[in-house]
Amino acid sequence: MQAMNLPSLDEANLAGGRIQRSSSLVEDVYEAIFAQLMSLKIAPASRITVDSLVKEFNVSHTPIREALGRLEGEGLVLKTHLIGYRAAPQITKRRFDELYELRLLLEPHGAAKAAVLMDEVKLAQLQTSAGVMARREGKDERLRYSNFARQDAIFHDKVMEFANNELVRETLAHQHTHFHIFRLMFHSRVTEEALDEHEAILAAFAAADPAAAEQAMRRHIEHSRDRLLLAFD
């Protein structure tokens with residue numbers, strides 16, 4: 001069964017509306033489930049029933065399963081044989097501390113290297129992925145939050161790409177760090193303060209200043225850690 005004339009993917013979808021057919025129905029379904037995971041509408045470790053998503057989004061089983069398979073690859077969804085899908089459990093405080101220790105060891109140095117190798121093309125890509133230019137677009141907080149979670153991941157990944165150390169980049173990407181930490185707390189402060197910090201990092205890159213880039217990245221990661229520590233109180 002494939003539903004026709006599906007409503008648009010907008011703010012209403014993320015509260016439980018339907019999804020419009022676009023160039024990729026699977027992509028739309030993926031985005032909607034991703035937003036619910038990021039905003040904690042789908043709670044960590046909770047069961048995800050395919051049939052309930054079929055009814056909620058008014059689509060067939062196929063795009064739901066494909067979207068869940070993609071989310072499984074990103075570490076956000078777990079699949080157990082004969083049981084089905086569930087949201088990944090919340091990271092522990094110990095894992096949280098380990099992730100931020102890893103980031104502080106690798107990313108400030110990577111930012112310094114990227115600043116040395118910066119050019120106009122790379123800077124333009126970073127400005128686009130940083131989320132600063134679109135920081136107040138859209139009214140739906142859940143959608144904005146999930147969009148920024150992805151933008152933040154892309155921005156940090158791009159910095160590591162431009163640092164020219166593929167092993168470090170792969171190590172950080174493999175942890176799915178950004179997706180897991182953004183699930184800790186659904187709050188506008190998480191995005192607004194991070195965007196200010198992204199602007200400081202971009203300014204250092206624009207000046208091709210490795211010391212400033214290293215300092216700005218370190219400050220950003222430390223502040224991110226301090227903001228999200230509240231989730232463990």
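Data block above holds the structure.
We now turn to the structure provided with this report. (Residues numbered from 1 in each chain as written. Predicted model: local features only at pLDDT ≥ 70, side-chain atom pairs only at ≥ 80, totals over all residues. Heavy atoms only, no water.)

**Description of the sheet that holds strand S2 (residues 77-80)**
Rules: Should DSSP find at least two bridges between two strands, the strands are taken to pair. The way it works is that DSSP assigns letters per residue, a run of H or I at least four long becomes a helix, a run of E at least two long becomes a strand, and they are numbered from the N terminus. Between two residues, a contact is recorded if the distance between any of their heavy atoms is within 4.5 Å. Only C-alpha atoms enter the line fits that serve as axes; for helices the fit covers just the stretch in contact. Angles between N-to-C directions range over 0 to 180 degrees.
Here we have three strands laid out as an open sheet, ordered S1-S3-S2, and antiparallel in their pairing. Here the strands that pair on one side only, and so sit at the sheet edges, are strand S1 (47-48) and S2. In terms of strand pairing, S1 meets strand S3 (residues 84-87) through two bridges, oriented antiparallel. Pairing of Arg47 across the sheet is with Arg86, part of S3. Along the sheet, helix H4 (residues 61-73) makes contact with S1, S2 and S3, crossing S2 at roughly 110°.

**Examining the pairing of S2**
Consecutive side chains along a regular strand alternate between the two faces of the sheet. One ladder, built from four bridges, connects S2 with S3; its direction is antiparallel. Residue pairing across strands places Lys79 opposite Tyr85, the latter belonging to S3. The turn joining S2 and S3, which pair antiparallel and follow one another in sequence, is formed by three residues; a positive phi near 70° is taken by Leu82.

**A short note on the packing of aromatic side chains**
Note the following rule: Two aromatic rings from Phe, Tyr or Trp, using only the six-membered ring of Trp, form a pair when their centres are within 6.5 Å; if the ring planes differ by under 30 degrees the pair is stacked, by over 60 it is edge-to-face, and anything between is tilted. Look at NZ for Lys and CZ for Arg. If either is within 6 Å of the ring centre and within 35 degrees of the ring normal, a charge sits over the ring.
The final tally for this structure, using the stated rule, is six aromatic pairs. Three or more aromatic residues link up through ring pairs in this structure, and these residues are Tyr30, Phe34 and Phe179. The ring of Tyr30 is capped by Arg70, whose NZ or CZ atom sits 3.6 Å from the centre of that ring.

**Considering the pattern of salt bridges**
Let me state the cut-off plainly: The term salt bridge refers to a pairing of a side-chain nitrogen on Lys or Arg with a carboxyl oxygen on Asp or Glu at a separation within 4 Å.
The full count for this structure, using the stated rule, is 18 salt bridges. In this structure, the salt-bridge partner of Arg70 is Glu74, at a minimum N-O distance of 4.0 Å. The partner of Arg94 in a salt bridge is Glu98, with the nearest N and O atoms 3.2 Å apart. In this pair, Arg94 and Glu98 are both assigned in helix H5 (residues 93-116), four residues apart and thus about one turn of the helix distant. Taken together, the salt bridges that share partners define one network made up of Asp157, Lys158, Glu161, Glu166 and Arg169.

**Topic: the packing of helix H10 (residues 188-206) against helix H11 (residues 210-228)**
Worth spelling out the cut-off: Roughly parallel means an angle under 35 degrees; roughly antiparallel, over 145; roughly perpendicular, 65 to 115; everything else is oblique. Residues are grouped as follows: Ala, Val, Leu, Ile, Met, Phe, Trp, Tyr, Cys and Pro are nonpolar; Asp, Glu, Lys and Arg are charged; all remaining types, including Gly, are polar.
At a minimum axis distance of 8 Å, the contact between H10 and H11 shows a crossing angle of 170°. Considering the angle they form, H10 stands roughly antiparallel to H11. Listed contacts from H11 to Arg189, Val190, Glu193, Ala194, Glu197, His198, Ala200, Ile201, Ala204 and Phe205 of H10 are Ala212, Ala213, Ala216, Met217, His220, His223, Arg227 and Leu228. Residue composition of the contact of H10 with H11, grouped by class: 11 nonpolar, three polar and four charged.

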